[in-house]
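Chain by chain, the residues:
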Amino acid sequence: MIRSVESAPHMSAPVLAAYSYCEAVTGQQARNFAYGIRLLPTPKRRAMSALYAFSRRVDDIGDGTLATDVKAARLEDTRALLTRVREGKVEEDDTDPVAVALAHTAEAFPVPLDGLDELIDGVLMDVRGETYETWDDLKVYCRCVAGAIGRLSLGVFGTEPGARGVERASEYADTLGLALQLTNILRDVREDAEDGRTYLPADDLAKFGCSAGFEGPNPPEGSDFAGLVHFEVRRARTLFAEGYRLLPMLDRRSGACVAAMAGIYRRLLDRIEREPEAVLRGRVSLPGREKAYVAVRGLSGLDARHVTRRTLRGRT
């Protein structure tokens with residue numbers, strides 16, 4: 001059994017090594033996530049790295065080149081590992097550093113590990129090649145792969161005692177996850193199409209004449225691709241506005257972390273809105289210096305105060 005932070009203020013060498021491994025994975029592979037978690041105190045940063053490393057493993061299985069049945073089997077093996085973590089059966093000397101770090105995190109923080117089961121369910125939807133007729137259908141997928149991560153993260157962040165509306169914190173964390181995932185979907189339209197995946201709802205694609213899909217650098221002939229993108233951007237902004245209601249419920253550094261990560265995605269959304277067809281020519285991204293600037297604004301509280309005021313005024 002791995003002892004929690006409260007009962008073991010001096011972590012053992014194997015647990016520290018496991019967290020170091022997860023932090024290395026996060027630093028190397030997290031394009032935007034790492035900028036936010038740098039703002040957290042060490043215990044929370046390590047815990048978020050453990051969650052990321054496990055999530056990354058699940059995503060890599062889904063995105064890999066293995067046959068569909070092999071991917072499904074690997075995902076179920078990962079679920080079995082999660083069950084071992086949940087049942088307290090991972091020891092400090094386990095050879096899997098992600099399992100060791102995740103087990104320690106689960107004892108140190110009230111993270112709802114069922115959220116990682118939901119993530120696996122969502123990636124299995126990818127493996128099966130599921131498509132989505134309506135926004136309500138797509139929301140089910142987004143809640144699995146992103147909303148659940150928002151709720152897991154809230155378990156690490158915690159909420160401020162006496163915060164108004166705190167009973168809805170989990171709902172807001174889930175909604176913010178949806179906003180991030182919809183932004184990802186817009187950004188990756190071309191890349192996903194090349195992989196044979198379509199995430200945007202079929203109803204929306206038909207409405208704007210885009211049912212033919214996105215196989216090249218130009219929109220389908222006769223379509224209103226810009227209209228489609230602007231429609232989804234407005235939807236994402238509404239989700240961001242609702243999700244940002246979480247920020248006043250968090251302590252300063254946790255709030256800064258969330259504001260930084262969400263701020264990066266909101267800026268991506270701004271770029272996509274200004275030039276919709278850019279997503280068909282390649283991956284839209286922010287330079288590192290701009291991400292660092294957003295992180296500094298998050299730590300200062302500037303983005304949080306700005307968006308919170310807009311939210312209270314009913315603007316998105």
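Being a predicted model, the structure only gives us computed values, none of them experimental.

Undergrad: Explain the overall build of the chain here, please?
TA: Assigned secondary structure in the chain consists of 15 helices and zero strands. Taking 20 Å as the expected radius of gyration for a compact globule of 316 residues, we find that the chain reaches 20 Å, a close match to that expectation. When the 316 residues of the chain are sorted by exposure, 53% land in the buried category. Summarising the internal contacts of the chain: among those between residues at least 6 apart in sequence, 73% fall at separations of at least 24. If the 44 positive side-chain charges of the chain are averaged to one point and the 47 negative ones to another, these points end up 9 Å apart.

Undergrad: Would you explain the pattern of salt bridges in this entry?
TA: Oppositely charged side chains may form a pair once their charged atoms are brought near each other. What the rule picks out here adds up to 29 salt bridges. Here arginine 197 ties to aspartate 63 by a salt bridge, and the two come within 3.1 Å at their closest N and O atoms. Of the two residues, arginine 197 sits in the loop between α9 (189-194) and α10 (202-207) while aspartate 63 sits in helix α3 (residues 42-63), which places them 134 residues apart along the sequence. Residue arginine 197 is classed as buried on the basis of its relative accessible area of 17%. Under the relative-accessibility criterion, aspartate 63 is labelled partly exposed at 48%. Measuring nitrogen to oxygen at the nearest pair gives 3.0 Å for the salt bridge that ties arginine 235 to aspartate 204. Here arginine 235 is found in helix α11 (residues 225-243), whereas its partner aspartate 204 is found in helix α10, with 31 residues between them in sequence. For the residue pair arginine 235 and aspartate 204, the accessibility class agrees, reading buried in each case.

Undergrad: What is the right way to read the side chain of threonine 183 from this model?
TA: In this structure, threonine 183 sits in helix α8 (residues 169-187). Ignoring anything within four residues of it in the chain, the contact list for threonine 183 reads Ala236, Phe240, Tyr265, Leu268, Leu269 and Ile272.

Undergrad: Explain the packing of helix α7 (residues 135-157) against α8 to me, please; I cannot follow it from the model alone.
TA: Between two packed helices, both the angle of their axes relative to each other and the distance between the axes serve to describe the pair. Interhelical geometry of α7 versus α8 gives an angle of 120° and a closest axis separation of 7 Å. Taken together, the axis directions place α7 and α8 in an arrangement best described as oblique. As for the relative orientation of α7 and α8, their crossing is right-handed in sense. Per-class residue counts for the contact of α7 with α8 are 13 nonpolar, five polar and four charged.

Undergrad: Is there a simple way to explain the packing of aromatic side chains in this structure?
TA: The full count for this structure, using the stated rule, is six aromatic pairs. Site record: aromatic cluster; members linked through ring pairs are Tyr132, Tyr141 and Tyr199. The lysine or arginine in question, arginine 38, covers the ring of tyrosine 35, its NZ or CZ lying 4.7 Å from the ring centre.

Undergrad: Before we go on, may I ask you to explain the confidence of the model for the chain in this structure?
TA: Taken as a whole, the chain shows an average pLDDT of 90; of its residues, 90% reach a score of 70 or greater. When mean pLDDT is compared element by element in the chain, α10 scores highest at 98, while helix α15 (residues 302-312) scores lowest at 48. This stretch, residues 1-9, has a pLDDT under 50; its non-local contacts, to residues over four places away or in other chains, come to 21 contacts. Throughout residues 308-316 the model reports pLDDT below 50, and contacts reaching past four residues in sequence, or to other chains, amount to 11 contacts.

Undergrad: How do you make sense of the environment of glutamate 160 when you look at a structure like this?
TA: As for its position among the elements, glutamate 160 is in the loop between α7 and α8. Residues glutamate 160 and arginine 252, 92 residues apart in the sequence, show an inter-C-alpha distance of 9.5 Å. Look past the residues within four positions of glutamate 160 in its chain and what remains in contact with it is Met249, Leu250 and Asp251.

Undergrad: Which parts of the structure should I look at to understand the side chain of aspartate 174?
TA: Locating aspartate 174 in the fold gives a position in helix α8. Taking the relative accessible area as the measure of exposure, aspartate 174 reaches 6% and is therefore buried. If we ignore the near neighbours within four places in the chain, the residues touching aspartate 174 are Arg143, Gly147, Ala148 and Arg151.

Undergrad: How should the packing of α8 against helix α12 (residues 252-274) be read in this particular structure?
TA: The N-to-C vectors of α8 and α12 enclose an angle of 35°; their axes lie 10 Å apart at closest approach. Crossing handedness for the pair α8 and α12: left-handed. For the pair α8 and α12, contact is made by Leu176, Leu180, Thr183, Asn184, Leu186 and Arg187 and by Val258, Met261, Ala262, Tyr265, Leu268, Leu269 and Ile272, respectively. Tallied by class, the residues present in the contact of α8 with α12 amount to 10 nonpolar, two polar and one charged.

Undergrad: Looking at this model, I keep getting lost on helix α1 (residues 13-29). Mind explaining?
TA: Residues lying three or four places apart along an α-helix face the same way, a consequence of the helix completing one turn every 3.6 residues. Here α1 is 17 residues long and its end C-alpha atoms lie 24 Å apart, about the 24 Å a rise of 1.5 Å per residue gives. Those residues of α1 lying buried are Val15, Ala18, Tyr19, Cys22, Val25 and Thr26. Seen along its axis, α1 keeps its buried residues to an arc of 115°; they face one direction. Within α1, the exposed residues directed more than 90 degrees away from the buried face are Ala13, Gly27 and Gln28. Looking at the buried residues of α1, the elements they touch are α2 (33-37), α3 and α5 (97-108).

About the cut-offs
- Residues numbered from 1 in each chain as written.
- Predicted model: local features only at pLDDT ≥ 70, side-chain atom pairs only at ≥ 80, totals over all residues.
- Heavy atoms only, no water.
- Helix = DSSP H or I, 4+ residues; strand = E, 2+ residues; numbered from the N terminus.
- Rg over C-alpha atoms; globule rule 2.2 N^0.38 Å.
- Buried < 20%, exposed > 50% of the residue type's maximum accessible area, 1.4 Å probe, protein only.
- Contact = heavy atoms within 4.5 Å.
- Lys, Arg positive; Asp, Glu negative; His and termini not counted.
- Charge placed at Lys NZ, Arg CZ, Asp CG, Glu CD.
- Salt bridge = Lys/Arg side-chain N within 4 Å of Asp/Glu carboxyl O.
- Axes fitted to C-alpha atoms, helices over the stretch in contact; angles between N-to-C directions.
- Parallel < 35°, antiparallel > 145°, perpendicular 65-115°, else oblique.
- Left-handed = near helix turned anticlockwise from the far one by under 90°.
- Nonpolar A, V, L, I, M, F, W, Y, C, P; charged D, E, K, R; others polar.
- Phe/Tyr/Trp six-rings, centres within 6.5 Å; stacked < 30°, edge-to-face > 60°.
- Lys NZ or Arg CZ within 6 Å of the ring centre and 35° of its normal.
- pLDDT = per-residue confidence, 0-100.
- Expected span 1.5 Å × (residues − 1).
- Arc of directions from axis to C-beta.

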